[in-house]
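Here is what each chain is made of, one letter per residue.
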Amino acid sequence: MIEHLELFFKAVFIDNMVFAVFLGMCSYLAVSKKVATAVGLGAAVIFVLAITVPLNWLLDQYLLQPGALSWLGSEYADYDLGFLSFIMFIATIATMVQLVEIVVEKFSPSLYNSLGIFLPLIAVNCAILGGSLFMQSREIETLGLAVNYGISSGIGWFLAILAIAAIREKIRYSNVPAPLRGLGITFIITGLMGIGFLSFGGMLTGGDEEEKPASEPTVKVEQIKSEDNAKKLADNTKNVE
Amino acid sequence: MGLLSKKDAKLITDPLADNNPITIQVLGICSALAITADLKASLVMGVAVLFVMGVGNVVISLMRNIIPSKIRIIVQLIVVASLVIIVDQVLKAYAFELSKTLSVFIGLIITNCIIMGRFEAFALANGPYRSFLDGIGNALGYAVILVIVGIFRELLGAGTLMGYPVLGDPIEKTGVFSIGYENNGFMLMPPMALIIVGLIIWVQRSRNKDLIED
Amino acid sequence: MAVNTDKNSYTILFAIAMVVIVGSLLAFTASSLKPQIKENERMEKQQNILYALGVNENEGTGDIVFVSTKEVADKFSTNVSEQLVLESKDGKIISKMTRQEFIDSKDEGKGKEPYLIDVKKQQARAKKGESRFLPLFVGQQDGKTVYIAPIRGKGLWDAIWGFVALDENMVVKGTFFDHAAETPGLGSNIKQRYFMDDFYGERLLTEAGVFKGIAVAKGNNDPKNERKEDHAVDALAGATITGDGISAMIRKDLKLYMPFFQNLNIKTN
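Residues numbered from 1 in each chain as written. Chains lettered and ligands numbered in written order. Predicted model: local features only at pLDDT ≥ 70, side-chain atom pairs only at ≥ 80, totals over all residues. Heavy atoms only, no water.

### Looking at the overall build of chain C
Tallying secondary structure elements over chain C gives 7 helices and 8 strands in all. With the C-alpha coordinates of chain C rotated into their principal frame, the extents come out at 85 × 50 × 40 Å. Counting only residues that meet the buried cut, chain C has 50% of its 269 residues in that class. Within chain C, contacts between residues at least 6 apart in sequence are counted, and of these 55% link residues at least 24 apart. For chain C, the computed accessible surface area is about 12800 Å², with 53% contributed by carbon and sulfur atoms. Between the centroid of the 36 positive side chains of chain C and the centroid of its 36 negative side chains there is a distance of 5 Å. (Helix = DSSP H or I, 4+ residues; strand = E, 2+ residues; numbered from the N terminus. Buried < 20%, exposed > 50% of the residue type's maximum accessible area, 1.4 Å probe, protein only. Contact = heavy atoms within 4.5 Å. Areas by Shrake-Rupley, 256 points an atom, 1.4 Å probe, with all protein chains shown as cover. Lys, Arg positive; Asp, Glu negative; His and termini not counted. Charge placed at Lys NZ, Arg CZ, Asp CG, Glu CD.)

Structure follows, in structure tokens:
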């Protein structure tokens, strides 16, 4: 449970898709003029991420990783199809996006019209592929965590586009220099928000799975200092032999 | 431009300024943020995108009448992805050093929405020759912004250009560093790329009032 | 052309044709180029190991220059005097093999040159609770024996890996780092000479002999890296996650070799 919570907070705030790793910027900038459309696109991104990340996790576990084919029989255990991961991931994503496009067109033509060219572009929204690649490179361990990661990084993206859309609606009433109006000021505000999000960078690192081994040796040093040096050292050597 | 008719020439010159893919069409932003921390990477990315856009636009344009519209996105993505992967494999076999430099960019090229955006908006509706010009023009417009941002970030952030120190050595305090100048490490962070692109938009739209949004 | 591209049957046929064409094209290039690619990768590994040992063509303070691909096989066999393989389980070393023993063995995963051992596969084995092979390359540097170990971890986007040369007290005598896809200009700078050179002389063990590793630290206040006892080198600006990845892989992978070095010292004392 605690690992799910940790992953959630990391994906939403610390590794926020938009502000921390700057993925999915194109649709973020282009579809954030109104809160209503931003919500629509944000929901679509959450949905697509929630489906593609677990799907690609299964692909990665049972097809792509070195030795992943061992469920076919031991003679397949040595195959490494890692070079296919890009094309497999992207094919999964494109299929899902096309599916979403067909469904949205059928049930909500108004949303379909306002998303326009950007619905197909979710397929190349690097936040989506980025989600799958991060899932792969961070070696997420269970399907449950993969689902969690997909949803929470989607929520992170959703929050970002919602925030900028709200700011853009308000800023229309401000006296921005004419050439900066619209896109220009959005770029600069996003940059400033990104700087703000940098401050999340230091959070939660203490509980990071990678950081644990670091704290172990430090504790050991203190023990040795406080107790009999030579005896401890001798014990240490014995243990590792 | 004797070779090109006026209409065709516009396909190349338009994206350089008035219809720039990054500052006007808002395509290909992610990569512009990710790799512009130094100039060399910006140039490599520009050339790679030029190649993929040129070839990809022609391939899609040739296939435009036979692609079923329901699965066009998948087809487009697979064309780009296999193109990039095949080139990568060939380079790995015959130009290993070059492939090491390029391997970093593969993911960024495949997901670059500038490529998909031009497929959708142009190549699916136009002939191969015009699509080729459109691809080249947009890739050049993209590269121009990349290079400008790259120059600013590398010069102000690390004091170098293409890896060569131009402002002196920050540790030995030579050149401008001797009078108290310091590198602004913040320029290397991605948020600064956003702000620089924002400033470029400001300059561009001050010079051409037609582009101003209301 | 008067094809009705909206018909379902056409869509399905098109999809099948596409999969067959693209699939066979990819499979064909991958399999026909495989020997050439394998050979290039083999030479690269040798070049990397030699680089960590200090055998390179570096000039001045510029970029890293490997020994040329023509010479690499010769130089590798003359400079790397022995390749050991340690078998490790739960942090303990359970057996030790020479190169010949490893090549002659018919057991699963053995029977090849030790430098071709895939660290990624070994890490996966260790994760499943099986034993893993730890290759160790022995060479000479300035008349002293140094041991080179491979390490592997993850950066921001993808894998990072490297080789670290250590003397018998686990003091770093050379490093090589590489990456699959770190951000150009930021994380990718781990492959720059100034970053690798920083590690020279850093210690992995504390004075008390406990394994501590080397942190890639911000605010180290030591940009010229003159303090060699602080277990830290100066971080790269804008590459926090890649830097953390380097610290983590040094800590995790090199710790496994510690029992070997301790035995070494007991013998020489």
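Past the structure itself, the notes keep going.
### Description of the nonpolar core
Within the largest apolar cluster, 115 residues are counted, with the highest numbers of intra-cluster contacts made by Met-25, Tyr-28, Tyr-149 and Trp-157 of chain A together with Ile-29 of chain B. Counting residues per element, this core draws most heavily on helix 4 (residues 72–94) of chain B, which supplies 11 residues. Contacts of Met-25 of chain A, omitting those with residues within four sequence positions, involve Val-18 and Thr-190 of chain A together with Ile-29, Cys-30, Leu-33 and Leu-194 of chain B. Ile-64, Val-67, Leu-205 and Val-233 of chain C belong to the second largest nonpolar core, which has 59 residues in total. (Core = buried A, V, L, I, M, F, W, Y, C linked by side-chain atoms within 4.5 Å.)

### Re the sheet that holds strand 4 (residues 144–154) of chain C
Residues and elements named next belong to chain C. Pairing within the open sheet is antiparallel, and its 6 strands lie in the order 2-1-3-4-5-6. Looking along the sheet, the strands with just one partner apiece sit at the ends: strand 2 (92–97) and strand 6 (172–179). Averaged over all pairs of adjacent strands, the angle between their axes in this sheet comes to 25°, without regard to strand direction. Relative to strand 4, strand 3 (residues 132–141) is paired through 5 bridges, and the arrangement is antiparallel. Bridge pairing in strand 4 places Gln-140 opposite Thr-145. Packing against the sheet, helix 6 (residues 240–255) makes contact with strand 3, strand 4, strand 5 (159–166) and strand 6, and its axis sits at approximately 125° to strand 4. (Pairing = 2+ DSSP bridges. Axes fitted to C-alpha atoms, helices over the stretch in contact; angles between N-to-C directions.)

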